[in-house]
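Coordinate inspection notes
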Amino acid sequence: MNIPLIPIEEFFRKPEKSSFSISPDGKQLAWLAPWQSRLNIHVQTIGQSEVVRVTQVEDRDIAGFFWKGEDTLIFSRDKGGDENFHLFKVDRTGKEVKELTPFAEVRVEVIDDLEEIDNQMLVAMNKRDASVFDVYRLYIDSGKLELIAENPGNITYWLTDHQGKLRVAGSSDGLKSTLLYRQTEQDEFKAILETDFRSEFSPRSFTFDNQNLLALSNLGRDKKALVEFDPQTIQEVKILAQQEQSDISGVLLSKYREVIEGAVFVTDKVRFSFFDSERLKIQQFLESQFPDYEVFITDSSKDESRVLVKITSDRCSGTQYLYDKTSGQLSKLADFTPWLNSEHMASMQPIQYQSRDGRTIHGYLTLPVGVDPKLLPIVVNPHGGPWARDLWGYNPSVQFLANRGYGVLQMNFRGSLTYGRDFWEAGFKQWGRGTMQHDITDGVQWLIQEGIADPQRIAIYGGSYGGYATLAGLAFTPDLYTAGISYVGPSNLFTLFTSIPPYWEPIRQVMYEQIGNPDTEKDFVESISPFFFADAIKVPLLVVQGANDPRVKKAESDQIVQALRQRHIAVPYMVKDNEGHGFRNQENQFDFYRVMEAFLSQHLHGRSSTDISILKPLEQEN
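Before going into details, it helps to say that this report is about the structure given with it. Fair warning: this is a prediction, and the values are worked out from it, not measured in the lab. Within every chain, residues take consecutive numbers counted from 1 along the sequence as written. For this predicted model, a pLDDT threshold of at least 70 governs which residues receive local features, and a threshold of 80 or more governs which side-chain atom pairs are given and counted, while totals over whole chains, interfaces and linings are taken from all residues. Excluding hydrogens and water, the side-chain values take into account all heavy atoms of the structure.

Quick word on the nonpolar core
Membership of the largest hydrophobic core comes to 55 residues, with the highest contact counts inside it found for Val380, Tyr481 and Leu493. No other element matches helix α6 (residues 465-476), which puts eight residues into this core. Pairs of residues are marked as contacts when any of their non-hydrogen atoms sit within 4.5 Å. With residues near it in sequence (within four places) discarded, Tyr481 still touches Val380, Ile440, Val444, Ile458, Ala459, Ile460, Gly473, Leu474 and Val539. Throughout, nonpolar core names a set of buried Ala, Val, Leu, Ile, Met, Phe, Trp, Tyr and Cys residues whose side chains join them through atoms within 4.5 Å. Burial classes follow relative accessibility: with a 1.4 Å probe on protein chains only, a residue under 20% of its type's maximum area counts as buried, one over 50% as exposed, and anything between as partly exposed. With 35 residues, the next largest nonpolar core counts Leu340, Met596, Leu615 and Leu618 among its residues. We count a stretch as a helix when DSSP gives it H or I for four or more residues in a row; a strand needs E for two or more, and each element gets its number in order from the N terminus.

This is the structure in structure tokens:
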């Protein structure tokens, strides 16, 4: 098959429609769609043709939104990627927009939208102290804030019951985590369960009688299970779901029917374990309609008679449907990116290989369409986090690279989530020169041994921790890669630790245990910081950074670029002044991927629509 060279803009332009939500009464739809190249909220009455754009932001996408009653929507946005998200409200007609949390350098998080109380929400803000989040009752009409729980300095999360009462909190005192509970809001919080940070007990919800907790727990086991827990007796009542090969990662609830429907877990793909026959039948019907797709119910009306269904796959970014349970009608609402032909997209294949010490490493391999999979140029793409994981599904950057003729290898190296506690702990203090990086290296060697990779044309590219792994790969295995691309990646762990956001302070000691302590393990931390070994880097490097990044400061990229340029190595360096930890504005994404395309074409000789001369100005700027 002769696959056309698809324009960069078609991969990375904003979706035509996305992030659909249905109003509580089931009569209105809202979604995000581009206006002035920014994602704004649009509203439509179901069954009518008129669409109303209710917001008009021009500088940055709306990050997220939800219905608050039948006539109001709440949305959030930050400024230039600083991640200090503020809340706004807007009438569904678009006539009234009001900022609810107009506080500079303050981040707001929604604790409970209090769907049964029209004019109130519970939010957490670091307004009083930048390092901790207090809980406030927010009165939506007036914007009034009422402090209802002051953080003593170590609370890392809060949880309400089904009546919106704040009854659970979690604290971290360095390496110890404590579950705090109270029977009523008039009671004091009491510590009821203490765990080492390596163990997890994560409450997700109360049972519908508001007595017990539904939690994800690996206490006494390797894989996280969904358990019911009695906070009065401090005992597990029952195990609701567990899997032998992977963690349980979520719980499905029917608020209207007050039923625990099932659990979510991930193997090669997202899977469900249903306890409720009604929910199981709905899933079976939907999957029968879309047999080659992952099928998710993403939202519902309050009475759950109308639900929103999203289908997606490795070759399809997504299609949204409305399913009316009463009539049985399934109506298509929108394709997210209708301009992309799925036949031109590449298949993402789950793979596994053995690490040098005998662990099985799972991942995904995406090969260009219509090309013999032998001696291909390869882009190795380790994920960020690193305490996260890659998933099967549509990924625009992976599809873009495959369209340019590159095979793309993604791996869930040790330390990645959902594989259990042992696999996660195996990544502790294994950055850079340790087994986390070895797992990446071993994946490259596997591709070479299989004859898929051309050993002279292998690049490594990643964002955040993946950017760090890129720098580590170039510095510590300098003969393995032909080129590297670090996207908002830290280079010096000493400066990374001194510049973390203030609200990360409660987990600083945990990070030291997971990565290394710069105070007591100075030599070790230096040994795994690529900046100090920049003189070992000998292949071309592209560095990309957002100036407002609150997690990985611009200085992290500045340091490595300066160190290489002092050795007269040309390092294209792209900085965007209105971006943070990753680029959101589509014009910046276009610029980034044009430069990536030219850079990889120059060094790996893949297909390209961009001249390599675009790199020259970036070799001396910033």
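Side note on the sheet that holds strand β25 (residues 306-313)
By this definition, two strands are paired if DSSP reports at least two bridges between them. Within the open sheet, the four strands sit side by side as β24-β25-β26-β27. Their pairing is antiparallel. Looking at which strands have only one partner, the edges of the open sheet turn out to be β24 (294-300) and β27 (329-335). Neighbour-to-neighbour, the strand axes of the sheet open up by a mean angle of 30°, direction not taken into account. Two elements, β24 and β25, share six bridges in a ladder whose sense is antiparallel. Looking across to β25, one finds that Val295 is bridged to Ile311. Only C-alpha atoms enter the line fits that serve as axes; for helices the fit covers just the stretch in contact. Angles between N-to-C directions range over 0 to 180 degrees. Contacts from helix α2 (residues 277-289) reach β24, β25, β26 (316-324) and β27 within the one sheet, and its direction differs from that of β24 by about 125°.

A closer look at the packing of aromatic side chains
For Phe, Tyr and Trp, rings pair up if their centres lie within 6.5 Å, where Trp contributes its six-membered ring, and each pair is then called stacked (planes under 30 degrees apart), edge-to-face (over 60) or tilted (otherwise). Evaluated as defined, the whole model comprises 33 aromatic pairs. On the basis of an interplanar angle of 80° and a centroid distance of 6.5 Å, the ring pair of Phe197 and Trp424 is categorised as edge-to-face. You can see Phe197 sitting in the loop between β16 (190-196) and β17 (201-206) and its partner Trp424 sitting in helix α4 (residues 421-425), a full 227 residues away along the chain. A residue is classified by how much of its surface remains accessible, and Phe197, at 9% relative accessible area, is buried. Of the residues examined, Trp424 reaches a relative accessible area of 13% and is grouped as buried. One aromatic cluster is present, formed by Phe11, Phe12, Phe400, Tyr461, Tyr487, Phe583, Phe592 and Tyr593 through successive ring pairs.

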